[in-house]
Each structure stands twice: as C-alpha cells, then as structure tokens.
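# Descriptive analysis of the structure
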Amino acid sequence: MTKNTALKKAISAPYLVWAALFIIVPLIFVVYYSLVDAGGAFTLDYIKSIGRYKDIMLNSIWLGFVATIICLVIAYPLAYIMARSTKNVQRTMMMLVMLPMWMNLLIRTYSLMILLQDTGILNSVFSFLHLPERHMINTRGAVILGMVYNYIPYMILPLYSIMAKIDYGLVEAAQDLGASRTAVLRKVILPLSLPGIASGFTMVFVPSVSTFYISKKLGGSTFSLIGDIIEMQFKSANNYNLGAALSLILMVLILLCMAIMNRFTGEDDDGGVLI
Amino acid sequence: MKQKMSALSKLYIALIIVFLYAPIVVMIIFSFNSTVSTSVIGGFSTRWYQSLLHDTGTIKALTNTLLLAVTSSLIATVMGTAAAVGINAMKRRWIKKTTMHVTNIPMMNPEIVTGISMMLLFVFAGAMIHKDDVLGFGTMLIAHITFNLPYVILSVLPKLRQMDPHLPEAAMDLGCTPLRAFFKVTLPTISTGITTGLMMSFTLSLDDFVISYFTQGPSFETLPIRIFSMTKKRVTPDMYALSTLIFVAILLLLVLLNVSQVRGERKLRNKLDKEGA
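The structure presented is a predicted model; accordingly, all values stated were derived computationally and were not measured.

### Re the overall build of chain B
Each helix and strand counted, chain B has 11 helices and 0 strands in total. The N-to-C order of helical and strand elements in chain B reads α-α-α-α-α-α-α-α-α-α-α. In terms of C-alpha radius of gyration, chain B reaches 24 Å, well past the compact-globule figure of 19 Å for 277 residues. Counting only C-alpha atoms and orienting by the principal axes, one finds that chain B spans roughly 75 × 70 × 35 Å. Of all 277 residues assigned to chain B, the portion counted as buried reaches 46%. Roughly 14500 Å² of accessible area belongs to chain B as shown, and the carbon and sulfur atoms make up 69% of that amount. The centroid of the 25 positive side-chain charges in chain B is displaced by 6 Å from the centroid of its 14 negative side-chain charges.

### Things to note about the overall build of chain A
Helices and strands together make up the secondary structure of chain A, namely 13 helices and 0 strands. Listing every helix and strand of chain A by position from the N terminus yields α-α-α-α-α-α-α-α-α-α-α-α-α. Based on the C-alpha atoms only, the size of chain A along its principal axes is roughly 75 × 70 × 30 Å. Buried positions account for 51% of the 275 residues belonging to chain A. Accessible area for chain A stands at about 12700 Å²; split by element, carbon and sulfur atoms hold 67% of it. With 20 positive and 14 negative side-chain charges, chain A shows a spacing of 4 Å between the two charge centroids.

### Quick word on the pattern of salt bridges
All names here are of chain B. Under the defined criterion, the tally for this structure stands at 3 salt bridges over all chains. Between Asp55 and Arg226 there is a salt bridge, and its shortest N-O distance comes to 3.4 Å. In this pair, Asp55 is assigned in the loop between α2 (47–53) and α3 (56–89) and Arg226 in helix α10 (residues 223–232), connecting sequence segments 171 residues apart. In terms of burial, Asp55 and Arg226 fall into one category: buried.

### Some details on the state of the cysteines
All names here are of chain A. One pass over the full model with this rule turns up 0 disulfides over all chains. Distance from the sulfur of Cys71, which forms no disulfide, to the nearest cysteine sulfur (Cys257) is 16 Å. A residue is classified by how much of its surface remains accessible, and Cys71, at 0% relative accessible area, is buried. When its relative accessible area of 22% is taken as the criterion, Cys257 is described as partly exposed.

### Some details on the side chain of A:Arg108
With respect to the helices and strands, A:Arg108 occurs in helix α6 (residues 105–116). Lacking a salt bridge, the buried A:Arg108 has B:Asp207 as its closest oppositely charged neighbour, with an N-O distance of 4.8 Å. There is a polar contact of 3.1 Å between the side chain of A:Arg108 and the backbone oxygen of A:Met103. Sequence-distant contacts of A:Arg108, that is, excluding residues within four places in its chain, are made with A:Pro100, A:Met101, A:Met103, A:Tyr149, A:Asn150 and B:Pro23.

### Some words on the packing of aromatic side chains
For the structure on display, the rule yields 25 aromatic pairs over all chains. Between B:Phe137 and B:Phe220 the ring centres are 4.9 Å apart and the planes differ by 55°, which places this aromatic pair in the tilted class. With B:Phe137 in helix α6 (residues 137–162) and B:Phe220 in the loop between α9 (210–215) and α10, this residue pair connects regions lying 83 residues apart in the sequence. Each residue in the set A:Phe212, A:Tyr213, A:Phe234, A:Tyr240, B:Phe209, B:Tyr213, B:Phe214 and B:Phe228 is aromatic and connected to the rest through ring pairs, giving one cluster. The cationic tip of A:Arg84 hangs over the ring face of A:Tyr168; the distance from NZ or CZ to the ring centre is 4.3 Å. Directly above the aromatic system of B:Tyr213 lies the positively charged group of A:Lys235, at a separation of 4.3 Å from the ring centroid.

### Observations concerning a nonpolar patch on the surface
Judged by side-chain polarity, A:Tyr32, B:Phe124, B:Met128 and B:Ile129 come together as a nonpolar surface patch covering roughly 410 Å² of accessible area. Of note, B:Met128 is situated in helix α5 (residues 111–128). Overall, the relative accessible area of 57% leaves B:Met128 in the exposed class.

### Overview of the confidence of the model for chain B
Here chain B shows a mean pLDDT of 89. Residues at 70 or above account for 98%. Interface confidence in the predicted complex, given as ipTM, is 0.87; pTM for the same model is 0.87.

### Details of the interface of chain A and chain B
On the side of chain B, 89 residues touch chain A, which itself brings 81 residues to the contact. Counting each side, the surface lost to burial between chain A and chain B is near 8000 Å², with a carbon and sulfur contribution of 76%. Applying the counting rule to chain A against chain B returns 0 salt bridges. At the junction of chain A and chain B, the tally comes to 9 residue pairs in polar contact (both at pLDDT 80 or more). Looking at the side of chain A that touches chain B element by element, the count peaks at 15 residues for helix α2 (residues 13–35) of chain A. A class-by-class count of the residues in the side of chain A that touches chain B yields 58 nonpolar, 12 polar and 11 charged.

Definitions and limits used
Residues numbered from 1 in each chain as written. Chains lettered and ligands numbered in written order. Predicted model: local features only at pLDDT ≥ 70, side-chain atom pairs only at ≥ 80, totals over all residues. Heavy atoms only, no water. Helix = DSSP H or I, 4+ residues; strand = E, 2+ residues; numbered from the N terminus. Rg over C-alpha atoms; globule rule 2.2 N^0.38 Å. Buried < 20%, exposed > 50% of the residue type's maximum accessible area, 1.4 Å probe, protein only. Areas by Shrake-Rupley, 256 points an atom, 1.4 Å probe, with all protein chains shown as cover. Lys, Arg positive; Asp, Glu negative; His and termini not counted. Charge placed at Lys NZ, Arg CZ, Asp CG, Glu CD. Salt bridge = Lys/Arg side-chain N within 4 Å of Asp/Glu carboxyl O. Disulfide = S-S within 2.5 Å. Polar contact = N/O pair within 3.5 Å; in protein donor to acceptor, adjacent residues only side chain to side chain. Contact = heavy atoms within 4.5 Å. Phe/Tyr/Trp six-rings, centres within 6.5 Å; stacked < 30°, edge-to-face > 60°. Lys NZ or Arg CZ within 6 Å of the ring centre and 35° of its normal. Patch = residues over 30% accessible without salt bridge, like charges linked within 9 Å, V, L, I, M, F, W, Y side chains within 5 Å. pLDDT = per-residue confidence, 0-100. Buried area = accessible area lost by both parts, 1.4 Å probe. Nonpolar A, V, L, I, M, F, W, Y, C, P; charged D, E, K, R; others polar.

Right under this line is the structure:
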C-alpha cells in the first residue's frame, strides 16, 4: 500500500510546483515591488504614500459594504421563496439567476449605463409618466446599483443552496411549539443559513471593493475607487511600485474583513461552500 | 413540505427578474436598431448582425477566446484532478492544510491583485531574458490555468472524500494494477466532480476580463478585452448584436441541459415504478 500512496502523492507534484511558481512567487513580487523604488533600491516611500489614498480606500470599502448588504437584503427572501417552491420552479429560477452571470460583465455594465443616462431610457419613461427627470449617472448610487446588479447572483446562489438543505421539519416543529414567524426566522432559519450568508458576503464584497470597471463607467471620471487607482498605475501611469503597494494594502484589508466575517459566523475554512 | 407560492412571493420574484433582465432586454432591442444611437430607436434592421459577419477582428477575438478557454480548462482539469488525488492521499495534516490554503488564494484574492501579481512576475521574467513582448497567449494561458485550478480541485476533492477507499483496494486485490484500478474504479466515481470542474473552468475562462487584462499583450486579443477597448469609446450596436448572439447561445445550452436532466429523472422514475410494480 505504501508504494501506492507514494505514487498518489507524486502525481500532485506538477500542481505543487505550479502553485509555488504562479501563486506564491507572484505574491512575493507584489511585496518586493512595493518595497523598492524604480531603480530597485529599498524604500518605504510607496507604503507611506498610502496615506494620500486613505479616503479613496475607505470609500471603496464603504461602497462595497453597502452593495453587499443590499444584495443580502434582496437575495435572502428570494432564496427562501426559491428553496420552498416546487422542483420545476427551482430549476427555472436557478437558470434565470445564472443566465445573466454568463453575459460579459462589461456589456452588462454598459447596458446599465445606457439605461441610466440623462437622455436614457429610464428618463424617457419618467417624462412619459410626467415625472421629473433625474440625474442618475455618475453618482454614488449608480456605482452601488452597478455592483448590486452585477454581483447579486453570487449572493442568491449560495443562499439558495444552503436553504434548500434546511430540514423544514425543524421550522414546523418550531411553529408547533408556538414560535411566532419572526421567532422562527430568528431562531431557526437565520442560524441554519449563516454559512450561506458568509459565502455570499465574500463572493459579493471582494469583487465590489476591488472593481475598477463599474466605477469607471457608472461613476464617471470624477469618481475613483481603489481599483481604478491601481489599474491606472499599471496601465497608464506606469508606476508599478505604487500599484504594487496599493494592491498589497487592498489584499491585507480584504483579508482582515474576511477574518472579522469568519469570527462572526464561526465558519471553518476547511471545505467551505462553493456556490 | 413544498407549498404553493403566495401572490406576494410571485410579485417579488417578478420584480427581481425585471431588475436582472432589463439591461439585457435593452441590449437586445438596440441590437436590432437601424441607427447607431443607443437612446433613440430608429426602426428595425439586421445591419449590425451583418456587419458583425464581416468584422474580422471580432471573429478573430472570438476564436482566440474559445482557444484559450478550451486549452486552459483542459490542462487545469487534468492537473487539478491529479492534484486532488494527491492531496486526498496526503497523511500529514499540516502539509494538507497548507496546500489547501495556497489553493484557496486565487479564489479569495481580488482578481485585480491576482492579475497584477502575475503581470509583475511575467514582466520581471521578461526583463531577465531581455524580451519586452513576453505578454501574450502564453502568459494568458498560464494565468487562466492558475485561476481555474482551485475550482477543479475543490469540485473533485469532495467526491474523493465520499468514495469508499476500500473500492480501489478491492480492485487491486483482484489483480488490477494501481493505474488500472484508478481508471476502472476511482475515475468513474469522481467523474461528476471532474465534469463540474471542467465546466466551471471553461465558463470562467470564457468570461474572464480582469486577470486577462493585466496578463494580455497586443499579439493576442480575447473577446472581453476587445469589448473593453470598444467600450472606452462609443460602443456601436454590433457589440450588442454579438452579445445578443452569445446570450441566445447560452440560453439554448441551459434549456437543453435542463430538458435532458428532466428527461433523465423521468426515465429513472418510470424505471423505479416498473420495478415496484
């Protein structure tokens, strides 16, 4: 048997080498670039210059957080309704939720921009209904809407898959024992669906905080998130060192948020909920 | 107990569907617009679909995207399945744990960080070998394989854990070589996990923009990259036409999958009924 186990271990070797080369080494490069200047000499200037981007950073985290909470509030009842409906409805709903995910994010965001434009369709509808026209594009609200629109399927799917597994005998038992509707929600459904909330939260929060396309299209040129600043350093300003330093901070901040999140849900990272 | 939906639930679902699909409907409508405008409808026409057929750049980008998605998902599936088998056999807990933590990194990290970290590596390696055009198909392929691998490993690993470890042992006791036991016993048992991993890798790779954006070079353009450079300027409706076609293709694929699934279940039920009778 030992020979067989050794063989089995050996076939994971290509992956281990790959992971070291293309997961670990690139991260070391991020750290390295953020600690040297363009000439390669050691400096802490880039890390220190983070202070200048503090507001943008906090703003990104705040917008990402608001978008995630909105997703959760919208998705939670939907996931519950889906989990309790017939098999056919479940199947159809899954398909309807997943279909927009396979549309390119850029195209979806661009279409949203067209809807929200000052001369766009929503405003045409408003004026048709004799409502006052509204300026919607290039506002914070538009950016949050873009995040919610693009990432809400990532909240619905994990919530639904965890709620579909809940044994509804428990809900009925609680009702039989006299629990009110809110008590059932608070004491039975909510605790049982916590792992789904945790993975949905991660799946929406991380891409929202680090986005650069959504803010560029829906927030306009006056509105920048941390992702925009990082993208600029690599694609136009050619300041790789500053870009690396900002990425490092972003990564650390997100890991911190995740750690706080995991404390709340007490989730073990072994396995986790994958969609 | 499954119950009938209340009117309120139905309304709620309808509102969310409208929210999810309004931008897509807008896109489909404007793909048939006879003018270039994206706010005024001029009349019905298929001119954008026709111009798409003659747009060699877009067609090239489409074939590039498919090429990248097929190769990266196949390589990631083979390497990831092998890795999962190895990881499952690991005895020491801390080695296993560390490996899983590293595997989770590309999934947990923001895409932009994964993208730039690889870009830094490639640019550095390029400077070492005095080549300034390292970024291209090769670097994108490496990047796509890397972000696909965790999805393959995490879909195969649970199947391996669920499998009875005595099964391959029994096969070997009956005279199979370890390799034959793997192909005859282990592989069929974990095949659903492998298929899920492959499907996920393929779709992730097709749709990826952020990581591709940082590891791409001018020599190899994929569809998301092309769409990005087009949305920098004013988008012409032929991009809508293309997206509409992609949308319809995915819709058909999903419906077909669903129908075959329902059929399979019905067949199984009929069979069970007959056996019961």
